[in-house]
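Tertiary structure, described
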Amino acid sequence: APRLGPAAMDGQGDIRLDVTAAGAGEADILKSLTGSITLEMAEGGRLGFDLEALPGAAEAPPVAVAGWGAVGAGTTTVSRLTARLTAANGILTADAVEAAVDDRIVTVKGAVDVDKGALDLVLSAVPAPGAASATARALGGFRIEGPWSAPTITRTEPGKAADATHFGRDPG
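Before going into details, it helps to say that this report is about the structure given with it. In this text the structure is predicted, and so the values were computed from the model without any measurement.

1. With respect to the side chain of Arg143
In this fold, Arg143 is placed in strand β10 (residues 140-147). Residue classification places Arg143 among the buried residues on the basis of a relative accessible area of 17%.

Written out as structure tokens, the structure is:
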């Protein structure tokens, strides 16, 4: 919680952790985190961000919104969520993350550097197959990157995978 902030999700589900880590302190442990994580919320739950606020956040000037802004001020109810993540050297990569939100399918690709509290994700929200209701309108794709506490949110192509390798690059 100190590194990532408030709860990212709320609800009942099954989680499977197959991870290892070692070190003398929190930073060492987080940097060495390796393994896999699976999560399934078959009966739904609530995510700690407002999906409907993403378009406004993507259009706002970056300096006008502190933290997550309106996106972090609300929640989104999901009827189902499944996630498969791989951890390697403290970086969680989203292998497959999918949620059902009303008549939309929301997917996430990319990575989270747990030790540095940094994100590089692409979230896509498109109508579910066969959906015909007003809530099924596509929101499109959004790139969410930077520090977890105050990421930058911009428009991108739906489904375009985030560059999950940049966290591991040598800065110089």
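2. What to know about the nonpolar core
For soluble globular proteins, the rule of thumb is that nonpolar side chains tend to be buried together. Core analysis: the largest hydrophobic core is formed by 35 residues, its most contacted members being Leu51, Leu54, Leu81, Leu123 and Ile153. Broken down by secondary-structure element, the contributors of at least two residues to this core are β3 (34-41), α2 (54-59), β6 (80-88), β7 (91-101), β8 (104-113), β9 (118-127) and β10. Counting residues per element, this core draws most heavily on β7, which supplies 5 residues. For Leu123, the contacting residues outside a window of four places in its chain are Phe49, Leu51, Leu54, Val106, Thr107, Val108, Gly140, Gly141, Phe142 and Ile144.

3. Describing the pairing of β6
Summarising the sheet, β3 and β6 pair through 7 bridges and their orientation is antiparallel. Within the sheet, the bridge partner assigned to Thr38 lies in β6 and is Arg84. Note: β6 against β7, 9 bridges, orientation antiparallel. Of the residues in β7, the one forming a bridge with Ala87 is Leu92. Counting the residues that bridge the hairpin from β6 to β7 gives 2 residues, and of these Asn89 lies at a positive phi of roughly 55 degrees.

4. Concerning the pattern of salt bridges
Pairs may arise between side chains of opposite charge once their charged atoms sit close together. Counted by the stated rule, this structure contains 5 salt bridges. Two residues, Glu145 and Arg143, come together in a salt bridge whose shortest N-O distance is 3.6 Å. When salt bridges that share partners are traced, they join Asp120, Arg143 and Glu145 into one network.

5. Topic: the sheet that holds β9
Judged by pairing direction, the sheet is antiparallel, and its 8 strands sit side by side in the order β2-β3-β6-β7-β8-β9-β10-β11 without closing on themselves. Looking at the sheet topology across the chains shown, the edges are occupied by β2 (14-20) and β11 (152-156). Geometrically, the sheet is characterised by an average inter-axis angle of 10 degrees between neighbouring strands, direction not taken into account.

6. Comments concerning unusual backbone geometry
Glycine aside, a negative phi is what most residues show, and trans is what most peptide bonds show. A positive phi angle, close to 55 degrees, is found at Asn89, a residue other than glycine. Locating Asn89 in the fold gives a position in the loop between β6 and β7. Phi at Asp102 is positive, roughly 55 degrees, even though this residue is not glycine. Among the structural elements, Asp102 can be located in the loop between β7 and β8. Taking the relative accessible area as the measure of exposure, Asp102 reaches 53% and is therefore exposed.

Reading guide: rules and limits
Residues numbered from 1 in each chain as written. Predicted model: local features only at pLDDT ≥ 70, side-chain atom pairs only at ≥ 80, totals over all residues. Heavy atoms only, no water. Helix = DSSP H or I, 4+ residues; strand = E, 2+ residues; numbered from the N terminus. Buried < 20%, exposed > 50% of the residue type's maximum accessible area, 1.4 Å probe, protein only. Core = buried A, V, L, I, M, F, W, Y, C linked by side-chain atoms within 4.5 Å. Contact = heavy atoms within 4.5 Å. Pairing = 2+ DSSP bridges. Salt bridge = Lys/Arg side-chain N within 4 Å of Asp/Glu carboxyl O. Axes fitted to C-alpha atoms, helices over the stretch in contact; angles between N-to-C directions.

The quantities given are spatial measurements derived from coordinates; they are silent on function.
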